[in-house]
Amino acid sequence: MEGIKHLETLDFAVVGGYFVAIILIGLYVAKNVKKAKDYFVAGAGVPWWFAAISLWMAGFSALAFVMYSEIGYKYWLTALTLYWVLVPCMLVGAHLFVGRWRRARMVSPIGFVEARFSPALRQMFVWTGFPLRFIDNSIKIYATSIFIVAAISSESIDMTRAIWIVGIVIIAFSFLGGQWSVLATDFVQFVILLLAVTMIFFITLGEVGGVQSFFQKMPADFKLFL
């Protein structure tokens, strides 16, 4: 389509470098994984701020960027309002449950269900939750692949190949380092996202002429809330 810009050589290098970096992170932290507790809960030795960043980043995906970008385009700041609803929810959840969960000393929520109730209930949660998780992760991989195919615009990368590439990379770094791998990758993504958003914010303000000019040029139907 005319007017649409696709990735250049430097863009490919950045994307490829990112995929290589997260695989290397998995390889690096894999040496700390010596038992199941290390794999699933990172040895229960994760600093609170590190875990908080990972929790926040867990809410982000290619689906979130695509979906909330569309909401922002159609309904302005409504997208931001919806996303910030997560903040009080997380604060209340942390206050009520984090201390209790820490004292339980369990490896996983499903393990807690088994210890508190019964193995049968644990199996029920596993098998009923599996289809939902499968669909959720499939949508995330699919959304990421849509972005890759649209950005690359090459006959060598179709949707099927993109899905395989994204899926293999995700599985590789997850299996290599377990929870430590996920935490480290989330932190790297957080730093990249923070730098990018900060740069875009100041560049955007410069383009519109500053904060005062932004509010003066704001469309009449600009919606702050639903």
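This text follows the structure it describes.
Residues numbered from 1 in each chain as written. Predicted model: local features only at pLDDT ≥ 70, side-chain atom pairs only at ≥ 80, totals over all residues. Heavy atoms only, no water.

(A) Local environment of the nonpolar core. If you look at the biggest cluster of nonpolar residues, it comprises five residues: Ile148, Ile152, Ile157, Ala162 and Val166. Mapped by element, the contributors of at least two residues to this core are helix 8 (119–152) and helix 9 (159–208). Discounting chain neighbours no more than four positions away, the residues touching isoleucine 157 are Ile148, Val149, Ile152, Ala162 and Ile165. (Core = buried A, V, L, I, M, F, W, Y, C linked by side-chain atoms within 4.5 Å. Buried < 20%, exposed > 50% of the residue type's maximum accessible area, 1.4 Å probe, protein only. Helix = DSSP H or I, 4+ residues; strand = E, 2+ residues; numbered from the N terminus. Contact = heavy atoms within 4.5 Å.)

(B) Highlighting helix 6 (residues 86–104). Its 19 residues place the ends of helix 6 25 Å apart at the C-alpha level, agreeing with the 27 Å of an ideal helix rising 1.5 Å per residue. Largest kink in helix 6: about 40°, centred on phenylalanine 97. (Expected span 1.5 Å × (residues − 1). Bend = angle between axes of the 7 residues up to and from the residue.)

(C) Main features of the packing of aromatic side chains. Here the structure, examined in full by the defined rule, presents three aromatic pairs. Ring centres 6.1 Å apart and planes at 35° place the aromatic pair phenylalanine 130 and phenylalanine 134 in the tilted group. Of this pair, phenylalanine 130 and phenylalanine 134 both sit in helix 8, separated by four residues, roughly a single helical turn. The pair phenylalanine 130 / phenylalanine 134 is uniform in exposure class, with both members exposed. The side chain of arginine 116 reaches across the aromatic face of phenylalanine 117, ending 5.0 Å from its centre. (Phe/Tyr/Trp six-rings, centres within 6.5 Å; stacked < 30°, edge-to-face > 60°. Lys NZ or Arg CZ within 6 Å of the ring centre and 35° of its normal.)

(D) Up close: helix 8. With 34 residues, helix 8 extends 48 Å from end C-alpha to end C-alpha; this agrees with the ideal 50 Å at 1.5 Å per step. For helix 8, the principal kink sits at phenylalanine 130 and spans about 35°; a proline, proline 131, occurs within the next four residues. Residues of helix 8 that are buried: Ala143, Ser145, Ile148, Ala151 and Ile152.

(E) Focus on the layout of surface pockets. The computed volume of the second largest pocket comes to approximately 1300 Å³. Every residue lining the second largest pocket is counted, 29 residues in all, and those nearest its centre are Phe65, Leu77, Leu80, Val197 and Ile200. Secondary-structure elements contributing two or more residues to the lining of the second largest pocket are helix 3 (48–57), helix 4 (62–75), helix 5 (78–84), helix 9 and helix 10 (211–216). Sort the elements by how many residues they give to the lining of the second largest pocket and helix 9 lands first, with ten residues. By residue class, the composition of the lining of the second largest pocket is 26 nonpolar, three polar and no charged. (1 Å grid on protein atoms, 1.4 Å probe; cavity = no way out; pocket = protein on both sides within 12 Å on 5 of 7 lines; lining within 4 Å. Points joined across faces, edges and corners; volume = space filled by probe spheres on them. Nonpolar A, V, L, I, M, F, W, Y, C, P; charged D, E, K, R; others polar.)

(F) Fine view of the side chain of serine 145. Relative to the helices and strands, serine 145 is located in helix 8. Looking at serine 145, the relative accessible area reads 0%, which means it is buried. Reaching out from serine 145, the side chain makes a polar contact with the backbone oxygen of isoleucine 141 at a distance of 2.8 Å. If we skip the residues at most four places from it in the chain, serine 145 touches Met159, Ala162, Ile163 and Val166. (Polar contact = N/O pair within 3.5 Å; in protein donor to acceptor, adjacent residues only side chain to side chain.)

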